[in-house]
Structures are given as structure tokens and as C-alpha cells.
Amino acid sequence: MLRMVVLASGRGSNLLAILKAIESGRLSGQVAAVISDREDAKALDHARARQIPALWVNPKLGDGKAGYEQRLLAAVSACQPDCIVLAGYMRILGSQFVHEAGVPIFNIHPALLPAFPGLHAQAQAVEYGVRYSGCTVHFVDEGVDTGPIIDQAVVRVLPEDTQETLSARILAEEHKLYAQVLELYSQGRIRREGRRVTIL
Ligand code: GAR
């Protein structure tokens, strides 16, 4: 059973989708804790409602990014997870955290990487005028949304789409894709060699 720590900054709908996948038996795993950089993150409420430890690690204690990430790493490590799952975690993890974590870190991004990394990916896609966008689950490395891609889901961009309508359709795909990828990982079916990821 996959033991996960979920990092989330906001609404927590991807966290909820993961929890529902576990509850329905589609994902053989357990969320050991949900940790947020925001005290008011809805994701923490979702965890508390299920008696899952919910922690706020304050990024503004005056000890800088390095200090914050050391505290974050200590909180994560105390849970002894098999992996770290970023679900709408809106900070860029430093290379020290990524290397010292010692377990894979997964992220979901609302675009077909390497297109539209960073913030407001859905708005970037609408503005650019692409016909297809979607979402990507990838391993986290030191870059911004640059880690090895594990899987993607494609969403058609409609002429009348706004950032909001496209985001909603992409989000529905995110909710399916993330749990699927995590289940593949829990089954030992994801192999990573450099940038190339194979699903066995
Ligand atoms: C999701 O669309 C996720 O892909 C995105 O934030 C949203 C979080 O929603 N993540 C990023 O943009 C990370 N760069 P949620 O809190 O409802 O899961």
C-alpha cells in the first residue's frame, strides 16, 4: 500500500479525487498527512474531515526559503512516506528539498508539458490559441515543471473557451489521471531511466 504525503496550497480537489480513489478501491494507498503552506487551505479541511493529519508549515517565519523547506522536509520525513504528491502546491521546491526528500515527488500540471509551464497554464493555452491542451503528471526535478513526464491527458480547446471553462474540463481529467498514475506507481509499474519513463 502506497503511503503518500500530499502537499497542497488551496482548494484541494485533486486531493479529494485521490482520497475518493482510495475509498473506492481504485488506488491502493493511504494519505499519511496533508501539508500546506497556507493556513486557510481547503485541502487541510478535507484532511481533517477524514481524520487525516493536517499540518500547516508557515513559509513566513523569517528563516527564508531554505529554512522553510528544512521545516517542510522534517514534517514530511516524520510521516515516512513512499512518495510525495504535489496537488496544487503552488511553490517551487528547491533542489535541496528535491534531493534530500529521498522518495519520488509527483506533480500534476494543467497543461501538456513542456507547453505552458508555470502559473496560469490554462490561460496561457487559451491566449496562445492551441487546439489541444490537457494535464500532465510528472516527476519533480529542480526545474519548474521540467521533470520526466509520466502520463498526460488531452483536452480539446473550444473556440468559445475561457480560462474558466477550459480549466474545468482539464480539472475533470486531472482527477482521473492522478489517481491512475499513483496506482501504477503503487503496483511498481512505473520505470524511470533519465528523462524517459516507461509504464510496464
Ligand atoms: C490544479 O489545476 C493543478 O493542476 C494546478 O492547480 C490546481 C489545483 O487545484 N497546479 C498547478 O498549477 C501547479 N503548477 P486543486 O487544489 O483543486 O487540486
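Predicted model, so just to flag it, every value in this text is computed and none were measured. (Residues numbered from 1 in each chain as written. Predicted model: local features only at pLDDT ≥ 70, side-chain atom pairs only at ≥ 80, totals over all residues. Heavy atoms only, no water.)

Colleague: Report on the site of the ligand, specifying residues and quantitative values.
Modeller: Around the ligand, the neighbouring residues are Arg11, Gly12, Ser13, Asn14, Gly88, Met90, Ile108, His109, Pro110, Leu171 and Glu174. Ser13 is positioned such that a nitrogen or oxygen atom in its side chain is 2.5 Å from an oxygen atom of the ligand. A distance of 2.9 Å separates an oxygen atom of the ligand from a polar backbone atom of Asn14. For the ligand, the accessible surface in isolation is 450 Å², of which the surrounding protein chains cover 89%. Secondary-structure elements contributing two or more residues to the shell around the ligand are α1 (13-23), β5 (105-109) and α6 (163-186). Looking at the shell around the ligand residue by residue, the classes come out as four nonpolar, five polar and two charged. (Near = heavy atom within 4 Å. Polar contact = N/O pair within 3.5 Å; in protein donor to acceptor, adjacent residues only side chain to side chain. Areas by Shrake-Rupley, 256 points an atom, 1.4 Å probe, with all protein chains shown as cover. Helix = DSSP H or I, 4+ residues; strand = E, 2+ residues; numbered from the N terminus. Nonpolar A, V, L, I, M, F, W, Y, C, P; charged D, E, K, R; others polar.)

Colleague: Tell me about the nonpolar core, residues and numbers included.
Modeller: If you look at the biggest cluster of nonpolar residues, it comprises 42 residues, and the most contacted ones within it are Met4, Val34, Val85, Tyr178 and Leu182. Considering every element that reaches this core, the biggest residue donor is α6, with eight residues. Residues within four places of Val85 in sequence aside, it is in contact with Met4, Val5, Val6, Leu7, Ile18, Phe106, Tyr178 and Leu182. Within the second largest apolar cluster, 22 residues are counted, among which are Tyr68, Val98, Val103 and Ile105. (Core = buried A, V, L, I, M, F, W, Y, C linked by side-chain atoms within 4.5 Å. Buried < 20%, exposed > 50% of the residue type's maximum accessible area, 1.4 Å probe, protein only. Contact = heavy atoms within 4.5 Å.)

Colleague: If you had to explain the sheet that holds strand β7 (residues 149-156) to someone new, which residues and values would you point to?
Modeller: The sheet built from seven strands is open, its strands ordered β3-β2-β1-β4-β5-β6-β7 with mixed pairing. Only two strands of the sheet have a single partner each, and these edge strands are β3 (54-56) and β7. Strand-to-strand twist in this sheet, taken as the mean axis angle between neighbours without regard to direction, amounts to 20°. (Pairing = 2+ DSSP bridges. Axes fitted to C-alpha atoms, helices over the stretch in contact; angles between N-to-C directions.)

Colleague: Please set out the packing of aromatic side chains residue by residue, giving values where relevant.
Modeller: One pass over the structure, following the stated rule, counts three aromatic pairs. Pairing Phe106 with Tyr185 gives two aromatic rings, centres 5.0 Å apart and planes at 70°, and the pair type is edge-to-face. Residue Phe106 is found in strand β5, and its partner Tyr185 is found in helix α6; the two are separated by 79 residues along the sequence. Exposure remark for Phe106: the relative accessible area of 0% places this residue in the buried category. The structure contains a cluster of three or more aromatic residues connected by ring pairs, namely Phe106, Phe139 and Tyr185. (Phe/Tyr/Trp six-rings, centres within 6.5 Å; stacked < 30°, edge-to-face > 60°.)

Colleague: Residue-level account of the environment of Ala121, with values.
Modeller: Along the chain, Ala121 turns up in helix α5 (residues 121-128). For Ala121, a relative accessible area of 1% gives the class buried. Separated by 51 residues in sequence, Ala121 and Gln70 place their C-alpha atoms 29 Å apart. Non-local contacts of Ala121, meaning those with residues more than four positions away in its chain, are made with His109, Pro110, Ala111 and Phe116.

Colleague: Which residues make up unusual backbone geometry, and what values do they have?
Modeller: Backbone torsion omega between Leu113 and Pro114 reads 10°, so that peptide bond is classified as cis. Phi at Phe116 takes a positive value of approximately 55°, unusual for a residue other than glycine. For Phe116, a relative accessible area of 11% corresponds to the buried category. A positive phi angle, near 55°, is found at His120, a position not held by glycine. Within the fold, His120 resides in the loop between β5 and α5. His120 gets classed as exposed once you look at its relative accessible area, which sits at 52%.

Colleague: A description of the packing of α1 against α6 should follow, citing residues and the corresponding values.
Modeller: The geometry of α1 relative to α6 is characterised by a closest axis approach of 9 Å and an angle of 50° between their N-to-C directions. In terms of axis orientation, α1 runs oblique to α6. For the pair α1 and α6, the sense of crossing is right-handed. Facing Ser13, Asn14, Ala17, Ile18 and Ala21 of α1, the residues of α6 in contact are Leu171, Glu174, His175, Tyr178, Ala179 and Leu182. (Parallel < 35°, antiparallel > 145°, perpendicular 65-115°, else oblique. Left-handed = near helix turned anticlockwise from the far one by under 90°.)

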